[in-house]
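Architecture at a glance
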Amino acid sequence: MSNTWVVATQPAIGSLLELGRARGGDVIVVAVGDAAAKAGGGDRVIRVEVAAGTPLEAVAPVVAAHVDPQPGDVVLTGSGSADRAIAGAVAARHGLPVARGVNHVATDEVRVPRYGGIAEETVSLEKAILLVVDAHGETEGEAAAGEPAEGDGYAATISGIDPGTSQQANLPAARRIVACGRGFKAESELQLASDLAVSIGAELACSRPLAEGSGWFPRDRYIGVSGSRVAPDIYLAVGISGQVQHTVGMKDSRVVVAINSDPQAPIFTQADYGIVGDLHEVLPALTAALGR
Ligand SMILES: Cc1cc2nc3c(=O)[nH]c(=O)nc-3n(C[C@H](O)[C@H](O)[C@H](O)COP(=O)(O)OP(=O)(O)OC[C@H]3O[C@@H](n4cnc5c(N)ncnc54)[C@H](O)[C@@H]3O)c2cc1C
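Residues numbered from 1 in each chain as written. Predicted model: local features only at pLDDT ≥ 70, side-chain atom pairs only at ≥ 80, totals over all residues. Heavy atoms only, no water.

Bringing the overall build of the protein into the picture now. When its secondary structure is counted, the protein shows 8 helices and 15 strands. For 292 residues, the compact-globule estimate of 2.2 N^0.38 gives 19 Å, and the protein sits close to it at 21 Å. Over its C-alpha atoms, taken along the principal directions, the protein stretches across nearly 60 × 45 × 35 Å. Residues classed as buried in the protein amount to 47% of the 292 residues present. (Helix = DSSP H or I, 4+ residues; strand = E, 2+ residues; numbered from the N terminus. Rg over C-alpha atoms; globule rule 2.2 N^0.38 Å. Buried < 20%, exposed > 50% of the residue type's maximum accessible area, 1.4 Å probe, protein only.)

Right, let's talk about the site of the ligand for a bit. Inspection of the region around the ligand gives 26 residues, with Arg182, Ser207, Ser226, Ser241 and Asn260 positioned closest. The contact in question runs from a nitrogen atom of the ligand to an N or O atom on the side chain of Lys185, over 3.1 Å. Here Leu279 contributes a backbone N or O atom positioned 2.9 Å from a nitrogen atom of the ligand. A total of 990 Å² of accessible area belongs to the ligand in isolation, and the protein chains cover 74% of it. Secondary-structure elements contributing two or more residues to the shell around the ligand are helix H6 (208-213), helix H7 (244-247) and helix H8 (279-290). (Near = heavy atom within 4 Å. Polar contact = N/O pair within 3.5 Å; in protein donor to acceptor, adjacent residues only side chain to side chain. Areas by Shrake-Rupley, 256 points an atom, 1.4 Å probe, with all protein chains shown as cover.)

With that out of the way, let us pick up the nonpolar core. Here is a general trend for soluble globular proteins: nonpolar side chains tend to be buried in one another's company. Core analysis: the largest hydrophobic core is formed by 24 residues, its most contacted members being Val63, Val67, Val75, Val90 and Leu130. Looking at this core, the elements that each hand over two or more residues are strand S1 (4-8), strand S2 (27-32), strand S3 (44-48), helix H3 (60-66), helix H4 (81-94) and strand S9 (129-132). Those residues in contact with Val75, other than ones at most four positions away along the chain, are Trp5, Val7, Val67, Pro69, Val90, Leu96, Ile129, Leu130 and Leu131. (Core = buried A, V, L, I, M, F, W, Y, C linked by side-chain atoms within 4.5 Å. Contact = heavy atoms within 4.5 Å.)

It is worth spelling out helix H5 (residues 190-200) at this point. Three or more residues of H5 are buried, namely Leu190, Ala193, Leu196, Ala197, Ser199 and Ile200. Gly201 lies just past H5 and shows a positive phi near 65°.

Attention now moves to the domain arrangement of the protein. For the protein, the assigned domains are domain 1 (4-148) and domain 2 (171-290). Placing the centre of domain 1 and that of domain 2 at their C-alpha centroids yields a distance of 30 Å. Contact residues are listed per partner, giving 9 residues for domain 1 and 10 residues for domain 2. Together domain 1 and domain 2 conceal approximately 720 Å² of surface at their shared face, both sides included; 54% is due to carbon and sulfur atoms. On the surface where domain 1 and domain 2 come into contact, there are 0 salt bridges. Seen at the junction of domain 1 and domain 2, the total is 2 residue pairs in polar contact (both at pLDDT 80 or more). Tallied by class, the residues present in the side of domain 1 that touches domain 2 amount to 2 nonpolar, 5 polar and 2 charged. (Domains from an automatic or database assignment. Buried area = accessible area lost by both parts, 1.4 Å probe. Salt bridge = Lys/Arg side-chain N within 4 Å of Asp/Glu carboxyl O. Nonpolar A, V, L, I, M, F, W, Y, C, P; charged D, E, K, R; others polar.)

This paragraph deals with the sheet that holds strand S15 (residues 273-276). Each strand in a sheet pairs with its neighbour through backbone hydrogen bonds, running either in the same direction (parallel) or in the opposite one (antiparallel). Pairing in this open sheet of 5 strands is parallel, and the strands run S12-S11-S13-S14-S15 from one edge to the other. Unpaired on one side and paired on the other, strand S12 (203-206) and S15 mark the two borders of the sheet. This sheet shows a mean twist of 20° between the axes of neighbouring strands, independent of strand direction. Across the sheet, H5 is in contact with strand S11 (176-180), S12 and strand S13 (234-238); its angle to S11 comes to roughly 175°. (Pairing = 2+ DSSP bridges. Axes fitted to C-alpha atoms, helices over the stretch in contact; angles between N-to-C directions.)

Written out as structure tokens, the structure is:
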């Protein structure tokens, strides 16, 4: 029987536990730091303590030493920056292949998106594999005390914290998203989207060019094959053409509303509701109509 290892750096790992449960076998949670130790739901819990003033990433070698993937096991981690750093150490120590954006995890196979999400490769789990998956969702049940992990991490301390100017996003957990694309021609125009997002209680997100090209958004705000994957109740795509590299990240949204001045824009083929129009006119009208 193959098992699932869940490396957690925060308590909202419901989506990871669900994937592990669906595979059968045991779900072994490696909880890194105090926050992650609050997550319930594992069959076995290993606790990795993180001393005050130490970054989570510093205990990566301790985590790697306590994850013990056997052939056929799956190691799941979230996609936050600390998760990814620790995932690298786990994969390197055990020689695991790494995949991200995986949609389907079964007992003996996983399906990995290829070519920007337009195809999927089925990989059978003869060996162990590490999957980086968006972690979200509360866990059920009491958190177990867990077995303490022994070992030393790197001698790193946090010498200062610069919180930056933007709030960190947890887009996979968002129920409403207003996503902006290159239809916005100046950074100042984003205020129109921000006003709508505030009025309907939505998170702001974007297509990749607005994060990696113009730098108007931090990188954790873009949606797509190389960004976040989301499944909100409502996804408003504003000035986004709808290339597959973007839509693969939002296709699981319950209701998609597209706003685009080009009636031929491919995003309309993904949309439940389409508004053909100039975002400069449509957004203020929507904000006025939907605002609380
Ligand atoms: C390897 C690889 C990975 C990639 N990964 C991602 C990814 O993860 N996420 C991602 O988003 N992209 C990704 N891309 C880029 C992707 O291919 C597209 O280039 C990108 O998604 C286009 O962004 P956009 O829709 O904002 O811009 P555009 O394609 O330029 O579309 C802008 C849209 O705005 C509309 N518009 C213009 N003016 C207005 C107006 N006034 N009012 C209303 N609408 C207007 C236009 O009609 C157009 O449809 C990737 C590309 C590669 C090669």
